[in-house]
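Chain and residue survey
These are the residues of each chain, in order.
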Amino acid sequence: MAAEISAERLAQLKSTFASIDTDGDGYISESELKKHFPDLPAEALGAMSQAADSDQDGRYSLEEFIRTVS
């Protein structure tokens, strides 16, 4: 996952992930995404779900998040 990411970038991504994961359960849910990005169109959420949610559990782990934004 993070082998090619610098320690500084990894720390930034973890911080961003934590700011979106408002309930602190270690996953970003669709509702948390909507709260953090209220103007994000439904089409973008659907596309992100297909592209980023590799295990299709309806939420994004830190690993999925990093893979998507890196």
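Keep in mind it's a predicted model, so treat the numbers as computed, not measured. Going along each chain's sequence as written, the residues are numbered from 1 onward. Local features in a predicted model are, by the rule used here, given only for residues with pLDDT of at least 70; side-chain atom pairs are given and counted only at 80 or more, and totals for whole chains, interfaces and linings are based on all residues. To obtain the side-chain values, all non-hydrogen atoms of the structure were used and water was disregarded.

1. Focus: the overall build of the protein
Using the following cut-off: Where helices and strands are cited, they refer to DSSP runs of H or I of at least four residues and of E of at least two residues respectively, numbered from the N terminus. When we talk radius of gyration, it's over C-alpha atoms, and the globule rule is simply 2.2 Å times the number of residues to the 0.38. When accessible area is computed with a 1.4 Å probe and restricted to protein chains, residues below 20% of their type maximum are described as buried, those above 50% as exposed, and intermediate ones as partly exposed. The method behind every accessible area is Shrake-Rupley, applied with a 1.4 Å probe, and residues are considered shielded solely by the protein chains displayed. Think of it this way: Lys and Arg go in the positive column, Asp and Glu in the negative one, and His and the chain ends go nowhere. Throughout, a charge is located at the NZ atom of Lys, the CZ atom of Arg, the CG atom of Asp or the CD atom of Glu.
When you go through the protein residue by residue, the secondary structure sums to four helices and two strands. For a compact globule of 70 residues, the expected C-alpha radius of gyration is about 11 Å, and the protein comes in at 12 Å, within 12% of that figure. Projected onto its principal axes, the C-alpha coordinates of the protein cover approximately 35 × 20 × 20 Å. Burial analysis of the protein (70 residues in total) assigns 24% to the buried set. Total accessible area computed for the protein in this model is approximately 4,500 Å², and 52% of it derives from carbon and sulfur atoms. Taking the average location of the 6 positive side-chain charges in the protein and that of its 14 negative ones, the two points are 2 Å from each other.

2. Here's the deal with the packing of aromatic side chains
So the rule is basically this: Centres within 6.5 Å are what make two rings of Phe, Tyr or Trp a pair, Trp counting through its six-membered ring; a difference in plane orientation under 30 degrees is then read as stacked, over 60 as edge-to-face, and the rest as tilted. For a Lys NZ or an Arg CZ to count as sitting over a ring, it must be within 6 Å of the ring centre and within 35 degrees of the ring normal.
Taken as a whole, this structure holds one aromatic pair when the rule is applied. Seen from their ring centres, phenylalanine 17 and phenylalanine 65 are 5.6 Å apart, and the 65 degrees between their planes marks the pair as edge-to-face. With phenylalanine 17 in helix H1 (residues 7-20) and phenylalanine 65 in helix H4 (residues 62-69), the pair connects residues that are 48 residues apart, well separated along the chain. Taking the relative accessible area as the measure of exposure, phenylalanine 17 reaches 6% and is therefore buried. Arginine 59 extends its terminal NZ or CZ atom over the ring of tyrosine 27, reaching a point 3.5 Å from the ring centre.

3. Some points on unusual backbone geometry
A negative phi angle characterises most non-glycine residues, just as the trans form characterises most peptide bonds. In this structure, glutamine 56 takes a positive phi of about 50 degrees despite not being glycine. Inspection of the secondary structure assignment puts glutamine 56 in the loop between helix H3 (42-52) and strand S2 (59-61). For glutamine 56, a relative accessible area of 52% puts it in the exposed group.

4. A word on the packing of H1 against H4
A packed helix pair is summarised by two numbers, namely the angle formed by the two axes and the spacing between the axes. What counts is decided by this rule: Angular values range over 0 to 180 degrees, each being the angle between N-to-C directions of two axes fitted as lines to C-alpha atoms, with helices fitted over their stretch in contact. Each angle gets one of four labels, with under 35 degrees taken as roughly parallel, over 145 as roughly antiparallel, 65 to 115 as roughly perpendicular, and the rest as oblique. Rotating anticlockwise by less than a right angle from the far helix to the near helix defines a left-handed crossing, while the corresponding clockwise rotation defines a right-handed one. Here, residues are in contact when the closest pair of their heavy atoms is within 4.5 Å.
At their nearest, the axes of H1 and H4 sit 10 Å apart, and the two run at 120 degrees to each other. Taken together, the axes of H1 and H4 lie oblique to each other. You can see that H1 and H4 cross each other, and the crossing is right-handed. Residues Arg9, Leu10, Leu13, Lys14, Thr16, Phe17 and Ile20 of H1 touch H4, and the partners they reach there are Leu62, Phe65, Ile66 and Val69.

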